Amino acid sequence: MNFHVMTLFPEMITQGLSASILGRAQEKGFIALNAVNIRDYTLDKHKRVDDYPYGGGAGMVMAAEPVVRCCRAVMEQIAKENGGCPDTKEQKKCPRVIYLTPQGCTFTQAMAKELAQEEDLIFLCGHYEGVDERAIEMIVTDQVSIGDYVLTGGELPVMVMIDVIARLVPGVLNNKESAESETFQDYLLEYPQYTRPEVYEGLSVPEVLLSGHHAKIGEWRRQQSILRTKKVRPELLAQAVKEECLSKKEMKFYREITGDGTKEK
Ligand code: 6GU
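Note that the structure is predicted; figures quoted are calculated from it, not measured. (Residues numbered from 1 in each chain as written. Predicted model: local features only at pLDDT ≥ 70, side-chain atom pairs only at ≥ 80, totals over all residues. Heavy atoms only, no water.)

Let's shift gears to the packing of helix H8 (residues 214-232) against helix H10 (residues 248-258). Relative to each other, H8 and H10 sit at 40°, their axes nearing to 11 Å. When the axes of H8 and H10 are compared, the pair comes out oblique. Judged by the twist between their axes, the crossing of H8 over H10 is right-handed. Mapping the contact onto sequence places Glu219, Arg222, Gln223, Ile226, Leu227 and Lys230 in H8 and Lys249, Glu250, Phe253, Ile257 and Thr258 in H10. (Axes fitted to C-alpha atoms, helices over the stretch in contact; angles between N-to-C directions. Helix = DSSP H or I, 4+ residues; strand = E, 2+ residues; numbered from the N terminus. Parallel < 35°, antiparallel > 145°, perpendicular 65-115°, else oblique. Left-handed = near helix turned anticlockwise from the far one by under 90°. Contact = heavy atoms within 4.5 Å.)

Below is the structure:
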């Protein structure tokens, strides 16, 4: 899968995604990262990419021209790489162009799963007070935010999105890592983990984990997930119940801890 990022700070993207699992995934060719500098596409003689907002107000606005020209160049590059066969006149579908903005829909695991099906994704990182609306109208297919807070630009959000999407691409995680990738699948948070030593500064590992009794361990872990989700994300647990993600036994446990006897059958 190919990630194309249009930004004023390409080195921030390449460096930020070069370590650990995503670094390895690039080396092995499971994903490719193409960070493109929007400034390379300005026609301004002083290489400016921003200007004052019409109507006044604080800050600067990224001009439409460099953004649109940059996007067209990336699209052409993708078309060239995909359309190697001159015999087939087959029309490739246009890649999605995602604008990172606090004005977008909130990014979710479900959205990531859908985007992970694409062969190419183009991201536009805004800066200053935003991007000229005409550029957004012309090139953008999706507007995405990563949460209800304001960042200085789209670079950190795009790294978050690429990390989440990339780990869903086959080959990026090894089997062991991918087995652990089920969080949010059934609306429950992960259970607590422990490793050696058995006692650390007087704190012991829960007895059940040392028992070797796999069914009991599995049951305990699910209960811990339910307890944790109830404590910090009660709305997620409500979803889990609503979508019938809990077993009969787990529903009994749920009613015990919530004191909800109304659904007793
Ligand atoms: Cl995508 N961009 C900026 N600048 N701030 C954000 C955001 C995006 N998502 C949450 N806050």
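Below, the discussion takes up the sheet that holds strand S5 (residues 96-106). Taken in spatial order, the 5 strands of this open sheet run S2-S1-S6-S5-S7, and their pairing is parallel. The two strands at the open ends of the sheet, each matched to only one other strand, are strand S2 (32-37) and strand S7 (142-145). Taking the axes of each pair of neighbouring strands and ignoring which way they run, one obtains an average angle of 30° across the sheet. By the bridge criterion, 5 bridges tie S5 to strand S6 (residues 120-125) in an arrangement that is parallel. Bridging from a neighbouring strand, Val97 pairs with Ile122 of S6. (Pairing = 2+ DSSP bridges.)

For the ligand, the full set of nearby residues is Leu100, Thr101, Pro102, Val144, Ser145, Ile146, Gly147, Tyr149, Leu151, Gly153 and Pro157. Between Ser145 and the ligand, the recorded distance is 3.3 Å, taken from a side-chain N or O atom to a nitrogen atom. Leu151 places a main-chain nitrogen or oxygen 3.1 Å from a nitrogen atom of the ligand. Burial of the ligand by the protein chains amounts to 96% of its free accessible area of 290 Å². When contributions to the shell around the ligand are tallied by element, the ones reaching two or more residues are S5 and S7. In terms of residue count, the dominant contributor to the shell around the ligand is S5 (3 residues). (Near = heavy atom within 4 Å. Polar contact = N/O pair within 3.5 Å; in protein donor to acceptor, adjacent residues only side chain to side chain. Areas by Shrake-Rupley, 256 points an atom, 1.4 Å probe, with all protein chains shown as cover.)

Now for the environment of Asn37. Tracing the backbone through its elements, the reader meets Asn37 in strand S2. On a C-alpha basis, the gap between Asn37 and Lys176 in space is 37 Å, while along the polypeptide they are 139 residues apart. Once residues lying within four places of it in the same chain are set aside, the contact partners of Asn37 are Thr7, Leu8 and Pro10. One polar contact links the side chain of Asn37 to the main-chain amide nitrogen of Arg39, over a distance of 3.0 Å.

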